[in-house]
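# Notes for the structure review
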There are 2 protein chains.
Amino acid sequence: MEPWRLVLVKSTEFQRLQKRLAERVRSYRKLRNISQEDLADLAEIDRTYVSQSERAVGNPSLGVMVKVAGALDVHVTDLLQPAT
Amino acid sequence: MEPWRLVLVKSTEFQRLQKRLAERVRSYRKLRNISQEDLADLAEIDRTYVSQSERAVGNPSLGVMVKVAGALDVHVTDLLQPAT
């Protein structure tokens with residue numbers, strides 16, 4: 001029987017950005033004191049997209065990210081760039 | 001018969017970003033002296049996506065933008081942020 005092995009999985013740049021986007025959307029949304037549903041309404045997108053964004057799942061389109069950023073009153077790059 | 005009217009169409013933030021992405025991808029690609037096909041191969045995406053990106057059409061996903069940025073050796077935000 002094969003022993004347990006420790007496997008280091010390098011997180012890809014995509015996964016890092018998915019995670020960063022999730023944290024940023026959540027934190028800007030909390031800062032504005034609005035619910036996921038409010039954000040979806042403001043951004044004129046389906047609530048599913050907001051929920052997916054904050055769970056770092058899915059592959060959001062530029063269009064969705066621009067709408068979310070606009071609703072949060074930030075630039076789309078604020079959702080993606082490394083912390084300064 | 002109705003006279004011609006001048007209609008000012010406000011370009012949306014999405015269209016601005018689509019256009020900026022197009023210009024950046026094209027200019028970084030030219031700088032690296034590679035063809036659209038080379039870029040598609042490097043990014044491991046279909047050539048159609050590169051062509052669409054450079055024509056400012058379509059709605060690219062975060063995944064595609066990250067792959068293109070990686071192949072051009074820049075950060076995804078370098079493709080989207082306003083010129084400094």
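Values in this document were obtained by computation on a predicted structure and should not be read as measured data.

This part covers the confidence of the model for chain A. Predicted confidence across chain A gives a mean pLDDT of 91, with 87% of residues reaching 70 or more. Under the prediction, the complex receives an ipTM of 0.85, its pTM being 0.86.

Attention shifts here to the interface of chain B and chain A. With 15 residues of chain B at the interface, the matching set in chain A holds 15 residues. Secondary-structure elements contributing two or more residues to the side of chain B that touches chain A are helix 1 (13–31) and helix 4 (62–72) of chain B. Counting residues per element, the side of chain B that touches chain A draws most heavily on helix 4 of chain B, at 5 residues. When grouped by side-chain class, the residues that make up the side of chain B that touches chain A number 8 nonpolar, 6 polar and 1 charged.

All names here are of chain A. Interhelical geometry of helix 2 (residues 36–43) versus helix 4 (residues 62–72) gives an angle of 110° and a closest axis separation of 8 Å. Of the possible angle classes, the one that applies to helix 2 and helix 4 is roughly perpendicular. The residues of helix 4 that touch helix 2, namely those facing L39, L42 and A43, are K67, V68, G70 and A71. Taken together, the residues that form the contact of helix 2 with helix 4 break down as 5 nonpolar, 1 polar and 1 charged.

What counts, and at which threshold
Residues numbered from 1 in each chain as written. Chains lettered and ligands numbered in written order. Predicted model: local features only at pLDDT ≥ 70, side-chain atom pairs only at ≥ 80, totals over all residues. pLDDT = per-residue confidence, 0-100. Contact = placed C-beta atoms within 7 Å. Helix = DSSP H or I, 4+ residues; strand = E, 2+ residues; numbered from the N terminus. Nonpolar A, V, L, I, M, F, W, Y, C, P; charged D, E, K, R; others polar. Axes fitted to C-alpha atoms, helices over the stretch in contact; angles between N-to-C directions. Parallel < 35°, antiparallel > 145°, perpendicular 65-115°, else oblique.

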